[in-house]
Amino acid sequence: VQLQASGGGLVQAGGSLRLSCAASGRTLSAYDVGWFRQGLGKEREFVANLRRNGGRTYYNEAVKGRFTISRDNARNTVYLQMNSLEPEDTAIYYCTIGTPILSAIRQEGGYLHWGQGTLVTVSS
């Protein structure tokens, strides 16, 4: 399976970006989809998850209310809409798919396949 992330870029604080992650080789609807990010000198951290069954979403508290994860099964693509961006959101963003149990959705090990990452830079 291949995951191709896109949509990153440079934006001013308060602005918005929408990240996309197109999948090939697997049907996204069979998997949880997730986004993680890694800032410079930091560990990779969980951002958002969209469950395969029921479509419930989960977010890092730092992005709740500002970011929205969604999927388009017809396009086999997952999105991350990011609003009210802050300099602290600057990071490489990675999309991922897998079948984690609920207690593992915030852990990298819960996922099977990863995209290559797309850089988001938020200027103050």
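The coordinates are above.
The text that follows walks through the structure, step by step, so that each part is easy to find.

Cut-offs used in this document
- Residues numbered from 1 in each chain as written.
- Predicted model: local features only at pLDDT ≥ 70, side-chain atom pairs only at ≥ 80, totals over all residues.
- Heavy atoms only, no water.
- Disulfide = S-S within 2.5 Å.
- Helix = DSSP H or I, 4+ residues; strand = E, 2+ residues; numbered from the N terminus.
- Buried < 20%, exposed > 50% of the residue type's maximum accessible area, 1.4 Å probe, protein only.
- Phe/Tyr/Trp six-rings, centres within 6.5 Å; stacked < 30°, edge-to-face > 60°.
- Lys NZ or Arg CZ within 6 Å of the ring centre and 35° of its normal.
- Core = buried A, V, L, I, M, F, W, Y, C linked by side-chain atoms within 4.5 Å.
- Contact = heavy atoms within 4.5 Å.
- Polar contact = N/O pair within 3.5 Å; in protein donor to acceptor, adjacent residues only side chain to side chain.
- Pairing = 2+ DSSP bridges.
- Axes fitted to C-alpha atoms, helices over the stretch in contact; angles between N-to-C directions.

**Brief notes about the state of the cysteines**
Next up, step 1: For the coordinates displayed, the defined rule picks out 1 disulfide.
Next up, step 2: With its sulfur 2.0 Å from that of its partner, C21 forms a disulfide with C95. Judged by the sign of its S-S torsion, about 60 degrees, the cystine formed by C21 and C95 is right-handed. Of this pair, C21 sits in strand β3 (residues 17-24) while C95 is found in strand β9 (residues 91-98), placing the two residues 74 residues apart along the sequence.
Next up, step 3: Owing to a relative accessible area of 1%, C21 belongs among the buried residues under this scheme.
Next up, step 4: Residue classification places C95 among the buried residues on the basis of a relative accessible area of 0%.

**Regarding the packing of aromatic side chains**
Next up, step 1: This structure, assessed with the given rule, holds 4 aromatic pairs.
Next up, step 2: Relative to Y111, the ring of F36 has its centre 5.4 Å away and its plane inclined at 80 degrees; by these criteria the two rings are edge-to-face. One end of the pair, F36, is in strand β4 (residues 32-38); the other, Y111, is in the loop between β9 and β10 (113-114), and 75 residues separate them in sequence.
Next up, step 3: Residue classification places Y111 among the buried positions, given a relative accessible area of 6%.
Next up, step 4: Between Y111 and W114, the aromatic rings sit 6.2 Å apart at their centres with planes inclined by 70 degrees, giving edge-to-face as the arrangement.
Next up, step 5: An aromatic cluster of at least three residues, connected via ring pairs, comprises F36, F46, Y111 and W114.
Next up, step 6: Its guanidinium or amino end placed over the ring of Y94, R44 lies 4.0 Å from that ring's centre, counting from NZ or CZ.
Next up, step 7: Seen from the ring of W114, R44 lies directly overhead, with NZ or CZ sitting 4.8 Å from the centre.

**Some words on the nonpolar core**
Next up, step 1: Counting 28 residues, the largest nonpolar core has W35, V47, F67, I69, L80, M82 and Y93 as the members making the most contacts within it.
Next up, step 2: At the level of secondary structure, the elements contributing two or more residues to this core comprise β1 (2-6), β3, β4, β5 (45-50), β7 (67-72), β8 (77-82), β9 and β11 (118-123).
Next up, step 3: Beyond its immediate stretch of four places on either side in the chain, I69 contacts V33, G34, W35, A48, N49, L50, T57, Y59, V78, Y79 and L80.
Next up, step 4: Counting residues in hydrophobic clusters, the runner-up holds 5 residues, among them F46, Y58, I105 and Y111.

**Quick notes on the side chain of D32**
Next up, step 1: With respect to the secondary-structure elements, D32 resides in strand β4.
Next up, step 2: Reaching out from D32, the side chain makes a polar contact with the side chain of R52 at a distance of 2.7 Å.
Next up, step 3: Setting aside its immediate chain neighbours within four residues, D32 contacts N49, L50, R51, R52, R71, T96, I97, G98, P100 and I105.

**Some words on the sheet that holds β1**
Adjacent strands of a sheet pair through backbone hydrogen bonds, lying either parallel or antiparallel.
Next up, step 1: The 4 strands are arranged β1-β3-β8-β7 in an open sheet whose pairing can be described as antiparallel. The open sheet is flanked by β1 and β7, the only strands paired with a single partner. Across the sheet, the axes of successive neighbouring strands diverge by a mean angle of 15 degrees, strand direction being ignored.

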